[in-house]
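# Commentary on secondary and tertiary structure
The chain contents come next:
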Amino acid sequence: MIIKGQKNEGVRVMFKHTRKLCVLFVVLSLFLLAVAGCASQQGTGPGTSPDTSQETSPKKPQKTHFIFGSSVEGSYGYLCLEAMCSVLNKHVEGIKFSAISSNGGAENIALLFNGEIDAGHTNNADILMAYTGQEPFKEKLEPIQLSSHGALTQIVAVRADSDINSIYDLEGRKVILGAAGSGVATDVSNYFRLAGINIEPIFLDIAQTGDAFIAGRADAALLLFRNGQPYPLNMEVEAAMDVKYLPWDPEINKQMVEITAGIPGVITPDASPFITEPIEVYMNPQVLVVRADLDEELAYTIVKTLVENVDELIAITPHLEMVSKENIAKGLISKFPVHPGAVRYYKEIGIWEDRL
């Protein structure tokens, strides 16, 4: 039985639900169309390729702290790097420069490739060993030259009354070579090896060398000369006792220059009252090295700042006159590459040398 009025009410109810469904359907359709439109615009919809025209590569974070590896405290490398950091901090904004002490050349190259420093003070002998993977390096490493800041050499000193009169008399004797792992110790060890001289090596840093030698705990010691002038250590030893300096073997000098890309040189009598005639030596170029991935603009800025403020460097330590425009490229080693940022500056001021 159908009661009057029930059928119409049912239809109204049905229409009411239908209208709601239609409204929901329309809203849902519009939403989906909007999403599809956005996806199409952004190139992320099905069957489309992403539009990368507006994309940019993320910027490389700017370096805010640059660390140099120097050498043992009180050494030539240590003083030079402290001076360089002082000048760079004064003139370069947005980045802090600092130096850490180390055992010098070989250790600095290791620290550089371990990521612990950004640049390091080293020398020709240690760079050569790094490129060839010789001890103390366990694998081949390729440091890149940034700049040079001088040349270092060493001469064997003994007591004036010693029976040691030539380097060949050092056979079996105790000789202080410098700090373990330093460029000086490495270099003179190679020299004695070439000369066939077996010594008993003693490894001491500069602060310890003078006391040990003066006290007679060694038969001989390597005393240092930078850019032809004596280290303060030499004057300390000479003030305590009379010494004699042993000439190197000229033939071994030539071999060292050839093998290690060193520089031939002469130490003249004006360097010490105990040097009575010129002594032929081989000299080790002292350079700053970096990794090849150092930002080119930063490399350019560092070299330019040091050269253009060399007077401030000299005011801190006079031995940095080698950083001048006239000298800085002369100590670069022709066997090894130079960083492109440094090359750009050297060419810009007209001092790039074809041998490099």
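The structure we're discussing is the one just above.
Read on for an overview of the structure.

Cut-offs used in this document
Residues numbered from 1 in each chain as written. Predicted model: local features only at pLDDT ≥ 70, side-chain atom pairs only at ≥ 80, totals over all residues. Heavy atoms only, no water. Helix = DSSP H or I, 4+ residues; strand = E, 2+ residues; numbered from the N terminus. Polar contact = N/O pair within 3.5 Å; in protein donor to acceptor, adjacent residues only side chain to side chain. Contact = heavy atoms within 4.5 Å. Buried < 20%, exposed > 50% of the residue type's maximum accessible area, 1.4 Å probe, protein only. Axes fitted to C-alpha atoms, helices over the stretch in contact; angles between N-to-C directions. Parallel < 35°, antiparallel > 145°, perpendicular 65-115°, else oblique. Left-handed = near helix turned anticlockwise from the far one by under 90°. Nonpolar A, V, L, I, M, F, W, Y, C, P; charged D, E, K, R; others polar. Pairing = 2+ DSSP bridges. Right-handed = clockwise from strand over helix to strand, strands pointing away. Salt bridge = Lys/Arg side-chain N within 4 Å of Asp/Glu carboxyl O.

Time to look at the side chain of Thr122. If you trace the backbone, Thr122 turns up in strand E3 (residues 119–123). In this structure the side chain of Thr122 is engaged in a polar contact, spanning 3.4 Å, whose partner is the backbone oxygen of Gly105. With sequence-adjacent residues up to four places away left out, Thr122 is seen in contact with Gly105, Ala106, Ile109, Ile127, Pro285, Gln286, Val287 and Val289.

A word on the environment of Gly228. By secondary structure assignment, the location of Gly228 is in the loop between strand E7 (220–226) and strand E8 (229–230). Taking the relative accessible area as the measure of exposure, Gly228 reaches 16% and is therefore buried. The spacing of Gly228 and Val266 is 38 residues in sequence and 7.6 Å in space, taken between C-alpha atoms. Contacts of Gly228, omitting those with residues within four sequence positions, involve Ile267, Ala271 and Met283.

For the rest of this paragraph, the subject is unusual backbone geometry. Across the junction of Glu135 and Pro136, the peptide omega takes the value 10°, indicating a cis bond. In this fold, Pro136 is placed in the loop between helix H4 (124–132) and strand E4 (144–159). One non-glycine residue with positive phi stands out, namely Asn227, at about 50°. When you line up the elements, Asn227 lands in the loop between E7 and E8. With a phi angle near 60°, Ala261 is a residue other than glycine that sits in the positive phi range. Summarising the element assignment, Ala261 is placed in the loop between helix H8 (250–260) and strand E10 (263–267).

Side chains of residues three or four places apart in an α-helix project in the same direction, reflecting 3.6 residues per turn. Here H4 lies mainly inside the structure; eight of its nine residues are buried. Those residues of H4 not exposed but buried are Asn124, Ala125, Asp126, Ile127, Leu128, Met129, Ala130 and Tyr131. The secondary structure elements touched by the buried residues of H4 are helix H3 (105–113), E3, E4, helix H5 (183–195), H8 and strand E11 (279–290). Near the N-terminus of H4, the side chain that reaches the backbone nitrogen of Ala125, with its oxygen 3.0 Å away, is that of Asn123. One or two residues past the end of H4 sits Gly133, with phi positive at roughly 70°.

Each pair of packed helices gets described by two things: the angle between the helix axes and the distance between those axes. The contact between H5 and H8 brings their axes to 10 Å, and the two run at 125°. Judged by the inter-axis angle, H5 sits oblique to H8. Relative to H8, H5 is oriented so that their crossing is right-handed. Contacts between H5 and H8 involve Asp187, Asn190, Tyr191, Leu194 and Ala195 from the first element and Ile252, Asn253, Gln255, Met256, Ile259 and Thr260 from the second. For the contact of H5 with H8, the residue count by class is six nonpolar, four polar and one charged.

Time to look at the pairing of E4. Buried residues dominate E4, accounting for 15 of its 16 residues. Summarising the sheet, E4 and E11 pair through seven bridges and their orientation is antiparallel. Among the inter-strand pairings, Ser147 is bridged to a residue of E11, identified as Leu288. Summarising the sheet, E4 and E7 pair through six bridges and their orientation is antiparallel.

Let us look at the pairing of strand E1 (residues 65–69). Here E1 pairs with strand E2 (residues 96–100) via five bridges, running parallel. By the bridge assignment, Gly69 is partnered in E2 with Ile100. The parallel pair E1 and E2, bridged by helix H2 (residues 76–91), forms a crossover whose chirality is right-handed. As paired elements, E1 and E3 share two bridges and run parallel to each other. Bridged to Gly69 within E3 is Gly120.

The next thing to look at is the pattern of salt bridges. Tallied over the full model, the rule gives eight salt bridges. We note a salt bridge from Lys63 to Asp118, for which the minimum N-O separation is 3.1 Å. Placement of Lys63 in the loop between helix H1 (6–42) and E1 and of Asp118 in the loop between H3 and E3 is noted, with a sequence separation of 55 residues between them. One salt bridge in this structure joins Glu297 and Arg344, with 2.9 Å as the shortest N-O distance. Linking Glu297 in helix H9 (residues 296–308) with Arg344 in helix H11 (residues 340–348), this pair joins segments that are 47 residues apart in sequence. Overlapping salt bridges, with partners in common, bring together Glu296, Glu297 and Arg344 in one network.

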